[in-house]
Amino acid sequence: MYSKFGHIGLSRYLFDKMSDRNEASWNNMMSGFVRAGFYRESMRFFNEMRGFGVKPSGIAFASLVTACERSEWMRIEGVQVHGFIVKVGLLSDVFVGTSLVHLYGNYGLAADAMKVFQEMIYKNVVSWTALMVAYVDYGEPSMVMNIYRRMRTEGLSCNDNTMSSVISSCVSLKDEWLGYQVLGNVIKNGLETNVSVGNSLISMFGYFGSVKEACCVFSCMGEHDTISWNSMIAAYTRNGLCKESLRCFSWMFNVHKEINSTTLSTMLAGCGSVDNLKWGRGIHSLVLKFGWNSNVCTSNTLIIMYSDAGRCEDAESVFQGMVEKDMISWNSMMACYAQDGNCLDALKLLATMFYMRRGVNYVTFTSALSACSDPEFATEGKTLHALVIHFGLRENVIVGNALVTLYAKSGQMIEAKKVFQTMPKRDGVTWNALIGGHADCQETDEALKAFKLMREEGAPMNYITISNVLGACLAPNDLLEHGMPIHALIILTGFQSDEYVQNSLITMYAKCGDLNSSNNIFDRLTYKNASAWNAMMAANAHNGHMEEALKFLLKMRRAGVNVDQFSFSECLAAAAKLAILEEGQQLHGLAVKLGCDSNPFVASATMDMYGKCGEIDDVLRIIPRPADRSRLSWNILTSSFSRHGFFEKAKETFHEMINLGVKPDHVTFVSLLSACSHGGLVEEGLAYYDSMIKEFGIPAKIGHCVCIIDLLGRSGRFSDAEIFIKDMPVSPNDFVWRSVLAACKIHGNLELGRKAVENLLKLDPSDDSAYVLYSNICATTGKWEDVENIRRQMGLNKIKKKPACSWVKLKNNLSLFGMGDQSHPQASEIYAKLEELKKMIKEAGYVPDTSYALQDTDEEQKEHNLWNHSERLALAYGLINSPEGSTLKIFKNLRVCGDCHSVYKFASGILGRKIVLRDPYRFHQFSGGQCSCADYW
């Protein structure tokens, strides 16, 4: 009696005063300790019992095993007790055997639970149910159903706990039809009136979106307990019917007259979104009012709610305020950190769990592994992999899936495949993780091979599978061979109506260069959601139609579809590529108005837009303070400084980032090496490349190699460049040989230029830049016959040179100029201004460099041709139409001509104007007769 009321001290006092004790006395005291949560004391009491020479009974052993199970940190002791049970021959006791099944199941060791179960001579319905619960907790619902079938084959009747486990497994398997079959068994066994089973059925129907059926079960129940009401509220909540769940809560309060912490927890579960967070905060107030904030379950749900709503700080506040925490509390907080991208906080929490000897399970490791998916934490991910093996969880499907995802997201596809191949069981998530990993790593053949194998093995595919395999089709030659056959399969299998698949098809066709098909799919959509509009923006941007991408944003708003962070990110990126500042500013203003500017993706895209539009001051204005900057923010700042010619600032930014403990990634080093290349910092660039590999453990990718080749080529170190190309860890691509060609033009290296052209044309015979750059080298070195041969060859192969053009935007007018353009309404004024400018700068010492005139004519004609260059026409137009003293911004689609660069320098000095010229590679900021590039570009 005393122990049942929690007065364990009084129980022990009475026990000690007993002059005569029998077996029941010892058993009652033992179960009292366990019931009161004194698990270590129960172990000591057991040893005391043996010291008195009392032979422990099956009941005593069952109580002791239960103590080891409930403590969450007495697994080793439990195994030792198991050994003792075998030694004394009590494994045949059904209660002892069942308690051992519970023990191993609770610690996530379902295979060991099965081993004990198979060794049991006698089994009852509780034993079978305990094994089912073990596999439910282990995340193996298919095993639960197998055990249930075996149990029925052996003719055993099921109880309410059995059916509840089976029904919950139907939910885990996402098999609604199986759920209806189990419902038939429930009726057959006469359990349809059982409150517990009815509650499980309401939960099942709620999960499958069958709210009407859940209401029917609820209405037909002769008796409702608090769980029944909670299950009904949960059904509404799960299906996004927040108002209905609030009405049900009100009805429960008035009719049932009783609510508990689970009721409020269930209500909170439906408020984990930005839109419903206000209701969640209101229910949080009720929790405090009723004093249920000390309830572990309620606090756990609060953590999950704030986490789902993106309020990690609020979740952390609830967690830290909890007096008592269970495994779900720790796992939920860890999942919150993982979702928020706080890998270090997640790992610190895991370390604290180990330090405090808290129990861990497959959910713990799944959250920890998902937090380490960034390549930066590859080492930590491998450490977690080792811990998974240590804790015996390597065969768990969910943990295996998390490991495949971890390695795939960090680009370690060899490791991902190893985990995949060693998994004893795989599900659809496993295959999706592998296919998605290959697609993200642009391993088209491997992704399609995995997809084919998945179909051969009969694994069920879903919309994620289809989206992933479509994402592996990246180039025009993939379309006919893979993309279109997959589209045919989509129609055959009925996936064409899925919204995610539709958007993936739009993206796939666009990436493969067939924008018309993307438009056709979009136009045929009955319902166009935000994702579809975003997919079309991205499709147009991918194919170079930036203006169309921006127009889609206008159409989207006119159609009444709310723009989101992805819409802004795409359009800000398009504005950045077009270098249209005013439109970029308007987008920024709209993002602020709609409250999207704080989104990290939008904030980063905004900074990048200002950087690429020449507004470095705006980048510095909106970038977070150093302590709060993400790695992406640091990368954008480094890139902006590099692009604007502030090479020393780019280096300082990199070192400041390192000093604050932010690890650089491959993008950081591309920006840094680019700064060194354009700044002529050869030795420093080579040192950074070396430290990237050796100190930071970042493998060299093609982008880094292009920067180093550019660095060596610009400085005339061609032999070093050739050795580097020969030894580089990746195969040279078109960017590599184009960099070599550009360097050969600067230094007039005809021999190496010819070799670079040959390699470029092997990669792409229709590459116009190969012909043009080599033609320019020949022209610069006076090889006019070779120039004519190259131009003749281009004509025979129907290859046209990309025409140079420059443009200026003043107010709302965009003026575009080509070479020797006479079509502009102000053409006569423009050429008159050029003559005026020519006279002024010649008086100041300008001498034309006719080597940049790539035609075989006399010097006078060459000079005349130079003054017809598009960037000079744009300069003259800008000087005529912009206020004196204002900064003039001019853009060019090709690299600026060296002689035009000199003209701009002279003009900035004589006219006292700041002129900014942006070409595809960088910004040239002219002021006082000097350029930010220091004539090295």
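Residues numbered from 1 in each chain as written. Predicted model: local features only at pLDDT ≥ 70, side-chain atom pairs only at ≥ 80, totals over all residues. Heavy atoms only, no water.

### Examining the overall build of the protein
- When you go through the protein residue by residue, the secondary structure sums to 51 helices and 6 strands.
- Structurally, the protein occupies a C-alpha span of about 125 × 55 × 50 Å along its principal axes.
- A total of 937 residues make up the protein; the buried ones form 51% of that total.
- For the protein, long-range pairs separated by at least 24 residues make up 61% of all intrachain contacts whose partners lie at least 6 apart in sequence.
- Just so you have it, the protein exposes about 44400 Å², and 53% of that area is on carbon and sulfur atoms. (Helix = DSSP H or I, 4+ residues; strand = E, 2+ residues; numbered from the N terminus. Buried < 20%, exposed > 50% of the residue type's maximum accessible area, 1.4 Å probe, protein only. Contact = heavy atoms within 4.5 Å. Areas by Shrake-Rupley, 256 points an atom, 1.4 Å probe, with all protein chains shown as cover.)

### Let's talk about the pairing of strand E2 (residues 813-818)
- Of the strand pairs in this sheet, strand E1 (residues 805-810) and E2 are connected by 6 bridges, and their pairing is antiparallel. Residue Trp-807 lies in a different strand from E2, and its bridge partner there is Leu-816.
- As consecutive antiparallel partners, E1 and E2 are separated by 2 residues, and within that stretch Lys-811 has a phi angle of approximately 60°, a positive value. (Pairing = 2+ DSSP bridges.)

### So, the nonpolar core
- Residues Ile-85, Tyr-135, Met-232, Met-333 and Phe-568 are the most contacted members of the largest nonpolar core, which totals 261 residues.
- If near-sequence neighbours (up to four positions away) are discounted, Met-333 is found in contact with Ile-303, Cys-312, Ala-315, Glu-316, Phe-319 and Leu-349.
- Judged by nonpolar contacts, the second largest core, of 31 residues, contains Val-808, Ile-830, Ala-874 and Cys-897. (Core = buried A, V, L, I, M, F, W, Y, C linked by side-chain atoms within 4.5 Å.)

### Some remarks on the pairing of strand E5 (residues 923-927)
- Taken across its 5 residues, E5 has 4 buried, putting it largely inside the fold.
- Examined bridge by bridge, strand E4 (residues 915-918) and E5 share 4 bridges and lie antiparallel to one another. Its bridge partner being in E5, Arg-918 is matched across the sheet by Phe-923.
- Where E4 folds back onto E5 in an antiparallel hairpin, the turn is made up of 4 residues.
- From the end of E5 to the start of strand E6 (residues 930-931), which pair antiparallel, there are 2 residues, and Gly-928 there has a positive phi angle of about 60°.

### Some thoughts on the packing of helix H11 (residues 176-188) against helix H12 (residues 195-207)
- Interaxial distance between H11 and H12 falls to 12 Å at its minimum, and their mutual angle equals 165°. Classified by the angle between their axes, H11 and H12 sit roughly antiparallel to one another. Considering how the two elements wind past one another, H11 and H12 form a crossing that is left-handed. Where H11 abuts H12, its residues Gly-179, Tyr-180, Leu-183 and Val-186 lie against Val-197, Leu-201, Met-204 and Phe-205. (Axes fitted to C-alpha atoms, helices over the stretch in contact; angles between N-to-C directions. Parallel < 35°, antiparallel > 145°, perpendicular 65-115°, else oblique. Left-handed = near helix turned anticlockwise from the far one by under 90°.)

### As for helix H49 (residues 859-866)
- For H49, every residue scored as buried is listed here: Lys-862, Glu-863, Asn-865 and Leu-866. The buried residues of H49 all sit within an arc of 160° when viewed along its axis, so they share a single face.
- Where the residues of H49 are buried, they touch helix H47 (784-796), helix H48 (827-843), helix H50 (870-881) and helix H51 (898-911). (Arc of directions from axis to C-beta.)

### Describing the sheet that holds E6
- Across the sheet, 6 strands lie side by side as E2-E1-E3-E4-E5-E6; this open sheet has mixed pairing. Every interior strand has two partners, whereas the edge strands, E2 and E6, have only one.
- The pairing of E5 with E6 spans 2 bridges and is antiparallel. Counted as the bridge partner of Ser-927 is Gln-930 from E6.

### Description of the UniProt feature "repeat: PPR" (unreviewed entry) in the protein
- What UniProt calls "repeat: PPR" (unreviewed entry) maps, in this numbering, to residues 22-56, 124-158, 225-259, 295-329, 427-461, 529-563, 630-664 and 665-699.
- Between the end C-alpha atoms of residues 427-461 there is a gap of 10 Å, over a span that is 74% helix and 0% strand.
- Secondary structure across residues 529-563 comprises 74% helix and 0% strand; the distance between its end C-alpha atoms is 10 Å. (UniProt positions renumbered as here; feature names shortened; annotations may be inferred.)

### Brief notes about the environment of Gly-436
- Tracing the backbone through its elements, the reader meets Gly-436 in helix H26 (residues 428-440).
- For the pair Gly-436 and Leu-712, spaced 276 residues apart in the sequence, the C-alpha separation amounts to 37 Å.

### Some thoughts on the domain arrangement of the protein
- Structurally, the protein comprises domain 1 (429-526), domain 2 (541-623), domain 3 (626-731) and domain 4 (806-931).
- Relative placement of domain 3 and domain 4: their C-alpha centres are 32 Å apart.
- With 7 residues of domain 3 in contact, the opposing surface of domain 4 contributes 5 residues.
- Taken over both partners, the interface formed by domain 3 and domain 4 buries close to 540 Å², and the fraction arising from carbon and sulfur atoms is 50%.
- For the domain 3 face of the interface with domain 4, the top three residues by lost area are Arg-643, His-644 and His-678, together amounting to 76%.
- Here domain 3 is connected to domain 4 by 0 salt bridges.
- At the boundary of domain 3 with domain 4, the tally comes to 1 residue pair in polar contact (both at pLDDT 80 or more).
- Per-class residue counts for the side of domain 3 that touches domain 4 are 2 nonpolar, 3 polar and 2 charged. (Domains from an automatic or database assignment. Buried area = accessible area lost by both parts, 1.4 Å probe. Salt bridge = Lys/Arg side-chain N within 4 Å of Asp/Glu carboxyl O. Polar contact = N/O pair within 3.5 Å; in protein donor to acceptor, adjacent residues only side chain to side chain. Nonpolar A, V, L, I, M, F, W, Y, C, P; charged D, E, K, R; others polar.)

### With respect to helix H25 (residues 413-422)
- Every buried residue of H25 is listed here: Met-413, Ala-416, Val-419 and Phe-420. Taken end-on, H25 shows its buried residues confined to a sector of 120°, consistent with a single buried face. The outward face of H25, more than 90 degrees from its buried face, is lined by the exposed residues Ile-414, Gln-421 and Thr-422.
- Where H25 is buried, its residues contact helix H23 (378-390), helix H24 (397-409) and H26.

### Section: the side chain of Ser-164
- Mapped onto the elements of the fold, Ser-164 is located in helix H10 (residues 160-172).
- Residue classification places Ser-164 among the buried positions, given a relative accessible area of 18%.
- Setting aside anything within four residues of it in sequence, one finds Ser-164 in contact with Ser-196 and Ser-200.

### With respect to the packing of aromatic side chains
- All chains considered together, the criterion is met by 36 aromatic pairs.
- Relative to Trp-431, the ring of Phe-420 lies with its centre 4.8 Å away and its plane at 75°, an arrangement referred to as edge-to-face. With Phe-420 in helix H25 and Trp-431 in helix H26, the pair connects residues that are 11 residues apart, well separated along the chain.
- Members of the aromatic cluster, each reached through a chain of ring pairs, are Phe-15, Trp-26, Phe-33, Phe-45 and Phe-52.
- Cation over ring: Arg-21 sits above Phe-15, and NZ or CZ is 4.4 Å from the ring centre. (Phe/Tyr/Trp six-rings, centres within 6.5 Å; stacked < 30°, edge-to-face > 60°. Lys NZ or Arg CZ within 6 Å of the ring centre and 35° of its normal.)

### Focus: the packing of helix H41 (residues 682-694) against helix H42 (residues 702-714)
- One way to put it is that H41 packs onto H42 with a least axis distance of 10 Å and a crossing angle of 160°. Between H41 and H42, the angle falls in the class roughly antiparallel. Here H41 runs over H42; the crossing is left-handed. Contacts from Val-682, Gly-685, Leu-686, Tyr-689 and Met-692 in H41 reach His-704, Cys-705, Ile-708, Leu-711 and Leu-712 in H42.
- For the contact of H41 with H42, the class distribution of residues is 8 nonpolar, 2 polar and no charged.

### Quick word on the state of the cysteines
- In total, this model carries 0 disulfides according to the counting rule given.
- Considering cysteine sulfurs only, Cys-512 is the nearest to Cys-473, which forms no disulfide, with 5.5 Å between them.
- Residue Cys-473 is classed as buried on the basis of its relative accessible area of 0%.
- With no disulfide of its own, Cys-931 has Cys-933 as its nearest cysteine by sulfur position, at a separation of 3.4 Å. (Disulfide = S-S within 2.5 Å.)

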